[in-house]
Amino acid sequence: MDRFDSMKVQLLTNIERQLKELGSAEVSSDDVWFRNLLFALLKSALMDYQSVARGAEEYVPLAAWGRRNLLEDKVITEYVLESNDNARSFQADLAADAKELNEAFSDHHRAMHKRMLADLDASSATLPEPYGRAFEEYITSETEQGPDTSGTDSEADVFRQLLAEMGVDEKRKPMMTSGKKGIAHRIGQLDEFNPMFKICSKLMHRTTLSIAAENSIGGLDAVVPILKDSAFMDLVTISNLIKAQVDTVGLQSVKPK
């Protein structure tokens, strides 16, 4: 192990210790949400770096997925540490995300219920009696009852109510990290953000490039050092930003001086 690798091991050990300290830090009830947010950001960043490291050894698209996540972790961390308003805005995005997730589950269940009935109907005609008649009775019963989305509908309502209590429009869309109105743009980092975001997207999605690369073993290996080194830099940056916050003003959503 060379000197640089030894340094990386030590820094990763320090970040793991930082994560434990952050998770167990005592804060006032008003600041629990902010401590939890910083803990989740640092934990996400560490796990995403681990995905990059594993993907670099086993599967480049996995490394690209972890690298893009880290890119997003970094700009989100900078955004929420910039001001209390930003941190609160991101907190509202959590409720909006949870609402949309439960709405999507309900929509998925309705679509799959419809598909199931169509598949059963097609199959029932090919079955001998009494199975065909039993299928038809089941289809009739399920058609009358409809899909049961009560659980996810109820959860979506909970988060709609939470958004209302926060004074946020229930139709709010969570902020994207990319794009002209995204977080990277808001903090003035599009020039740094966009190139790596595009590189990772080309590698992790089934683009013409990533499909063609499957024709040759190690076809994407040349990008591995770039993904690993830049991922480590972002992880360290996130760790340092959170450490500066804690050392300067504690676990409160105030921008460090």
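Residues numbered from 1 in each chain as written. Predicted model: local features only at pLDDT ≥ 70, side-chain atom pairs only at ≥ 80, totals over all residues. Heavy atoms only, no water.

Draft legend 1. Fine view of the packing of helix α3 (residues 60-82) against helix α4 (residues 84-124). Viewed as axis vectors pointing N to C, α3 and α4 meet at an angle of 125°, and their least axial separation amounts to 5 Å. By the angle between their axes, α3 is oblique relative to α4. On α4, the residues that touch Ile76, Tyr79, Val80 and Glu82 of α3 are Asn86, Ala87, Ser89 and Phe90. The residue inventory of the contact of α3 with α4, partitioned by class, reads five nonpolar, two polar and one charged. (Axes fitted to C-alpha atoms, helices over the stretch in contact; angles between N-to-C directions. Helix = DSSP H or I, 4+ residues; strand = E, 2+ residues; numbered from the N terminus. Parallel < 35°, antiparallel > 145°, perpendicular 65-115°, else oblique. Contact = heavy atoms within 4.5 Å. Nonpolar A, V, L, I, M, F, W, Y, C, P; charged D, E, K, R; others polar.)

Draft legend 2. Fine view of the nonpolar core. Counting residues in hydrophobic clusters, the biggest one holds 48 residues, and the most contacted among them are Phe34, Leu38, Leu42, Leu70, Val80, Leu227 and Leu235. Where this core is concerned, the elements lending two or more residues are α1 (3-24), α2 (32-58), α3, α7 (183-186), α8 (190-204) and α10 (224-249). Ranked by residue count, the leading element in this core is α2, at eleven residues. Those residues in contact with leucine 70 that lie beyond four places of it in its chain are Ala45, Asp48, Tyr49, Ala231, Asp234, Leu235 and Ile238. (Core = buried A, V, L, I, M, F, W, Y, C linked by side-chain atoms within 4.5 Å. Buried < 20%, exposed > 50% of the residue type's maximum accessible area, 1.4 Å probe, protein only.)

Draft legend 3. Main features of the packing of α4 against helix α6 (residues 150-165). Taken N-terminus to C-terminus, the directions of α4 and α6 make an angle of 155°; their axes are 8 Å apart at the nearest point. With respect to α6, the axis of α4 lies roughly antiparallel. The element α4 and its partner α6 pack so that their crossing is left-handed. Across the interface between the two elements, Ala92, Ala95, Ala96, Ala98, Lys99, Asn102, Glu103, Phe105, Ser106 and Arg110 of α4 pack against Thr152, Asp153, Glu155, Ala156, Phe159, Arg160, Leu162 and Leu163 of α6. For the contact of α4 with α6, the class distribution of residues is nine nonpolar, three polar and six charged. (Left-handed = near helix turned anticlockwise from the far one by under 90°.)

Draft legend 4. Examining the side chain of asparagine 69 more closely. Relative to the elements of secondary structure, asparagine 69 occurs in helix α3. Owing to a relative accessible area of 15%, asparagine 69 belongs among the buried residues under this scheme. Side-chain polar atoms of asparagine 69 contact the side chain of aspartate 48, separated by 3.4 Å. (Polar contact = N/O pair within 3.5 Å; in protein donor to acceptor, adjacent residues only side chain to side chain.)

Draft legend 5. Region of the structure containing the layout of surface pockets. Taken as a whole, the largest pocket encloses approximately 580 Å³ of empty space. Taken together, 21 residues line the largest pocket, and the ones lying closest to its centre are Ile76, Phe90, Asp93, Leu94 and Asp97. Of all the secondary structure elements, the ones that give two or more residues to the lining of the largest pocket are α2, α3 and α4. For the lining of the largest pocket, the residue count by class is ten nonpolar, five polar and six charged. Secondary structure elements with two or more residues in the lining of the second largest pocket: α1 and α10. Here the residues of the lining of the second largest pocket sort into eight nonpolar, four polar and four charged. (1 Å grid on protein atoms, 1.4 Å probe; cavity = no way out; pocket = protein on both sides within 12 Å on 5 of 7 lines; lining within 4 Å. Points joined across faces, edges and corners; volume = space filled by probe spheres on them.)

Draft legend 6. Spatial organisation of the pattern of salt bridges. All told, the structure shown has 14 salt bridges when counted by the stated rule. The residue aspartate 247 makes a salt bridge to lysine 243 at a minimum N-O spacing of 2.6 Å. Of this pair, aspartate 247 and lysine 243 both sit in helix α10, four residues apart, which is roughly one turn of the helix. By relative accessible area, which is 54% here, aspartate 247 ends up exposed. Residues joined by salt bridges that share partners form a network here, namely Lys99, Glu103, Asp157, Arg160 and Glu170. (Salt bridge = Lys/Arg side-chain N within 4 Å of Asp/Glu carboxyl O.)

Draft legend 7. How the structure looks around the packing of aromatic side chains. Summed over the entire model, instances satisfying the criterion amount to three aromatic pairs. A cation over an aromatic ring shows up here: lysine 8 above the ring of phenylalanine 232, its NZ or CZ 5.2 Å from the ring centre. (Phe/Tyr/Trp six-rings, centres within 6.5 Å; stacked < 30°, edge-to-face > 60°. Lys NZ or Arg CZ within 6 Å of the ring centre and 35° of its normal.)

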